[in-house]
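One letter stands for each residue in the lines below.
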Amino acid sequence: MLTREKTEQILENAELIYSAEAIAETIQRLADEIAAQLSNQYPLVLCVMKGAVVFAGHLLPKLAFPLNFEYLQVTRYHNATRGGALDWLVFPQNAIKDRAVLVIDDILDEGVTLAEIRTKILDCGARSFHSVVLADKDIGKNKPFHADFVGFVLPDRYVFGFGMDVHSAWRNLPAIYALQSGAER
Ligand SMILES: O=P(O)(O)OC[C@H]1O[C@H](OP(=O)(O)OP(=O)(O)O)[C@H](O)[C@@H]1O
Ligand SMILES: Nc1nc2[nH]cnc2c(=O)[nH]1
């Protein structure tokens with residue numbers, strides 16, 4: 001864990017990429033797009049913890065149709081800024097069969113996490129699979145996964161805030177920041 005001083009320094013040196021206002025507008029647009037496709041499906045909405053917790057908390061009240069809500073938890077970045085093997089921590093297996101599933105995640109980076117989530121959900125007998133991400137990072141190569149609903153396209157930098165962590169801190173920020181280049185380690 002970083003010291004409090006180091007954590008504050010990271011924010012001071014970071015660059016604001018999306019303000020709280022820009023995020024709010026984007027979430028309303030995403031909610032409208034999701035409603036147009038899924039409002040008559042009575043979907044099971046799954047939040048990918050922990051990163052999507054803030055995004056899900058803002059998006060859910062804007063989905064004005066019947067749904068059920070559960071969460072799953074996977075991690076492959078742990079407290080680092082580079083991804084590794086995926087660790088499954090929580091998975092609501094029994095809730096999924098025959099459901100139209102909408103997965104909410106904060107960020108699509110290399111696409112490994114959501115590709116594995118989709119496989120597992122379809123293996124559990126979901127009727128359909130959709131996903132919404134607040135941010136899709138432009139990594140300059142093909143990804144094994146494309147989201148149905150995308151908020152922003154981000155530059156290829158490590159970002160944090162609005163649920164996303166940097167070395168496990170700053171998930172509580174109301175906006176999205178990019179880590180100063182060279183500070184990834
Ligand atoms: O597209 P990928 O390269 O696979 O990365 C995307 C995943 O990385 C983050 O999760 P993380 O592993 O950091 O766990 P967390 O949500 O608990 O922070 C994020 O919430 C996505 O689920
Ligand atoms: N916090 C955070 N988590 C990620 N997971 C994959 N990419 C990122 C990123 O840029 N920031």
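In what follows, the accompanying structure is described. Keep in mind the model is a prediction, meaning the values are calculated, not measured.

Some thoughts on the site of ligand 1
And step 1. Residues in contact with ligand 1 amount to 18 residues; listed here are only the nearest, R76, Y77, D105, D106 and T113.
And step 2. Note that an oxygen atom of ligand 1 is positioned 2.9 Å from one of the backbone N or O atoms of G51.
And step 3. Between ligand 1 and G111 there is a distance of 2.8 Å, counted from an oxygen atom to a backbone nitrogen or oxygen.
And step 4. Here ligand 1, which alone exposes 500 Å², has 95% of that area covered by the protein.
And step 5. Going through the elements one at a time, β3 (68-75), β5 (100-108) and α4 (112-123) are the ones with two or more residues in the shell around ligand 1.

What about the packing of aromatic side chains?
When we look at a pair of aromatic rings, we describe it by the centre distance and by the angle of the planes.
And step 1. Within this structure, the stated rule accounts for four aromatic pairs.
And step 2. The interplanar angle of 10° and the centroid separation of 3.5 Å between the aromatic rings of Y18 and F152 together place this pair among those described as stacked. Residue Y18 is located in strand β1 (residues 15-18), and its partner F152 is located in strand β7 (residues 149-154); the two are separated by 134 residues in the primary sequence.
And step 3. For F152, a relative accessible area of 6% translates into the label buried.
And step 4. Ring centres of W88 and F91 lie 5.5 Å apart, and the angle between their planes is 90°; on these two criteria the pair is classed as edge-to-face.

Considering the site of ligand 2
And step 1. Around ligand 2, the neighbouring residues are Y77, I107, D109, K137, R157, Y158, V159, M164 and D165.
And step 2. Between ligand 2 and D165 there is a distance of 2.8 Å, counted from a nitrogen atom to a backbone nitrogen or oxygen.
And step 3. When ligand 2 sits alone it has 280 Å² of accessible area, and the protein chains cover 93% of it.
And step 4. Partitioned by chemical class, the residues of the shell around ligand 2 number five nonpolar, no polar and four charged.

Quick look at unusual backbone geometry
And step 1. Residue M49 is joined to K50 through a cis peptide bond whose omega torsion reads 5°.
And step 2. Tracing the sequence through the fold places K50 in the loop between β2 (44-49) and α3 (53-59).
And step 3. Even without being glycine, D98 reaches a positive phi, approximately 65°.
And step 4. In the Ramachandran plot, S168 falls in the positive-phi region, its phi being about 75° despite a non-glycine side chain.
And step 5. Take S168: it is sitting in the loop between β8 (159-160) and β9 (176-178).

Looking at the sheet that holds β7
And step 1. Here we have six strands laid out as an open sheet, ordered β4-β3-β2-β5-β6-β7, and mixed in their pairing. For this open sheet the edge positions go to β4 (87-90) and β7, each flanked by a neighbour on one side alone. On average, adjacent strands in this sheet sit at an angle of 25° to one another, irrespective of strand direction.
And step 2. With respect to the sheet, helix α2 (residues 20-38) is in contact with β5, β6 (128-137) and β7, its orientation differing from that of β7 by roughly 150°.

Some remarks on α4
And step 1. For α4, spanning twelve residues, the distance from its first C-alpha to its last is 17 Å, which sits close to the expected 16 Å at 1.5 Å a residue.
And step 2. Packing partners of the buried residues in α4 comprise β2, β3, β4, β5 and β6.
And step 3. G125 sits one or two positions beyond α4 and adopts a positive phi of about 90°.

Analysis parameters
- Residues numbered from 1 in each chain as written.
- Chains lettered and ligands numbered in written order.
- Predicted model: local features only at pLDDT ≥ 70, side-chain atom pairs only at ≥ 80, totals over all residues.
- Heavy atoms only, no water.
- Near = heavy atom within 4 Å.
- Polar contact = N/O pair within 3.5 Å; in protein donor to acceptor, adjacent residues only side chain to side chain.
- Areas by Shrake-Rupley, 256 points an atom, 1.4 Å probe, with all protein chains shown as cover.
- Helix = DSSP H or I, 4+ residues; strand = E, 2+ residues; numbered from the N terminus.
- Phe/Tyr/Trp six-rings, centres within 6.5 Å; stacked < 30°, edge-to-face > 60°.
- Buried < 20%, exposed > 50% of the residue type's maximum accessible area, 1.4 Å probe, protein only.
- Nonpolar A, V, L, I, M, F, W, Y, C, P; charged D, E, K, R; others polar.
- Pairing = 2+ DSSP bridges.
- Axes fitted to C-alpha atoms, helices over the stretch in contact; angles between N-to-C directions.
- Contact = heavy atoms within 4.5 Å.
- Expected span 1.5 Å × (residues − 1).

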